[in-house]
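Chains, contacts and geometry: an overview
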Amino acid sequence: MTDPTQKEIAINNLLAHAVFEDDETGYFFIYRKHVAVAYLYYLQNNIGKDFINHQDSNGLHLIQELYKAAQNGGGFVEYIWPKNQRYTSRNTQSFLCYKNSW
């Protein structure tokens, strides 16, 4: 596949049901800078949305922080986010890495 859109669709399809942790609260997500590319099945309405100014309930511009961590070699970022369909927003931790091309 050479079309980035087709790659994004294929990767999203692979990750849509990829969960971990006993309660299935762990999942993978991908952003192209600040636009959602791949998300878990119940968050598919986020695909294609620009989250550059999105803030968590503490006022953290979380996508900006996630992107910054990835750009700086990767690392963990803590923020508030709805963890899965059964939970309200709660403390969340994500590990980020940056991939220049795919």
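Let us look at the structure shown here. Model, not experiment: these values are computed from the prediction. Residue positions are counted from 1 within each chain, in the order its sequence is given. The predicted origin of the model limits local features to residues at a pLDDT of at least 70 and limits the giving and counting of side-chain atom pairs to 80 or more, whereas totals for whole chains, interfaces and linings rest on all residues. Hydrogens and waters are ignored; side-chain quantities use all the structure's heavy atoms.

1. Describing the overall build of the protein
Regarding its fold elements, the protein presents two helices and six strands. Over its C-alpha atoms the protein spans a radius of gyration of 13 Å, differing by no more than 12% from the 13 Å that the globule rule assigns to 102 residues. With respect to the principal axes defined by its C-alpha atoms, the protein has extents near 40 × 30 × 20 Å. Each residue is placed in one exposure class: buried if its accessible area under a 1.4 Å probe, protein chains only, is under 20% of its type's maximum, exposed if it is over 50%, and partly exposed if it falls in between. Per-residue burial for the protein yields a buried fraction of 33% across its 102 residues. Per-residue and other accessible areas were derived by the Shrake-Rupley procedure at a 1.4 Å probe size, with only the shown protein chains allowed to occlude residues. In the form shown here, the protein has an accessible surface area of approximately 6,700 Å², with 50% of it arising from carbon and sulfur atoms. None of His or the chain ends enter the tally, which takes Lys and Arg as positive and Asp and Glu as negative. Taken as the charge location is NZ of Lys, CZ of Arg, CG of Asp or CD of Glu. The positive charge centre, built from 9 side chains, and the negative charge centre, built from 10, are 6 Å apart in the protein. Here a strand is any run of E in DSSP of at least two residues, a helix any run of H or I of at least four, and the numbering for each starts at the N terminus. Atoms counted for the radius of gyration: C-alpha only. Globule rule: 2.2 Å times residue count to the power 0.38.

2. Some remarks on the environment of Trp81
Note that Trp81 resides in strand 5 (residues 75–82). Linking Trp81 and Leu62, residues 19 residues apart in sequence, is a C-alpha distance of 9.5 Å. What makes two residues a contact is simply this: any of their non-hydrogen atoms within 4.5 Å. Filtering out sequence-adjacent residues up to four positions away, Trp81 remains in contact with Tyr27, Tyr39, Leu43, Asn46, His54, Leu62, Thr88, Ser89, Arg90 and Thr92.

3. Some words on the layout of surface pockets
With a 1 Å grid spanning the protein atoms alone, the term cavity applies to any set of points in which a 1.4 Å probe fits but cannot get out, the term pocket to an open set with protein on both sides within 12 Å along at least five of seven lines, and the term lining residue to any residue with an atom within 4 Å of a point. Grid points are joined across faces, edges and corners, and a volume is the space filled by probe spheres set on the points. Approximately 940 Å³ is the volume found for the largest pocket. What lines the largest pocket is a set of 33 residues, among which Phe29, Ile30, Tyr31, Leu96 and Cys97 lie closest to the centre. Among the elements of the structure, strand 2 (26–27), strand 3 (30–32), helix 2 (62–71), strand 5 and strand 6 (89–96) are those that each provide at least two residues to the lining of the largest pocket. Partitioned by chemical class, the residues of the lining of the largest pocket number 21 nonpolar, seven polar and five charged. Basically, the charged four are Asp, Glu, Lys and Arg, the nonpolar ten are Ala, Val, Leu, Ile, Met, Phe, Trp, Tyr, Cys and Pro, and anything else, Gly included, counts as polar.

4. Let's talk about the nonpolar core
One finds Tyr39, Leu66 and Trp81 to be the most contacted residues of the largest nonpolar core, which totals 16 residues. Counting only elements with at least two residues in this core, the list comes to helix 2 and strand 5. With five residues, the single largest contributor to this core is helix 2. We define the nonpolar core as a collection of buried residues of types Ala, Val, Leu, Ile, Met, Phe, Trp, Tyr and Cys that are connected through side-chain atoms lying within 4.5 Å of one another.

5. A few points about the environment of Ile47
Along the chain, Ile47 falls in the loop between strand 4 (35–38) and helix 2. Given the relative accessible area of 32%, Ile47 is considered partly exposed. Along the primary structure Ile47 and Glu78 are separated by 31 residues, whereas in three dimensions their C-alpha atoms are 22 Å apart. Excluding residues within four positions of it along the chain, Ile47 makes contact with Asn12, Ala36, Val37, Ala38 and Tyr39.

6. Brief notes about helix 2
Residues Leu62, Ile63, Leu66, Ala69 and Ala70 constitute the buried set of helix 2. Relative to the axis of helix 2, the buried residues are bounded by an arc of 125° and lie together on one face. On its buried face, helix 2 sits against strand 3, strand 5 and strand 6. Positive phi appears at Gly73, one or two residues downstream of helix 2, with a value of about 100°. What the arc covers is the set of directions going from the helix axis to the C-beta atoms.

Worth remembering: the numbers are spatial, not functional.
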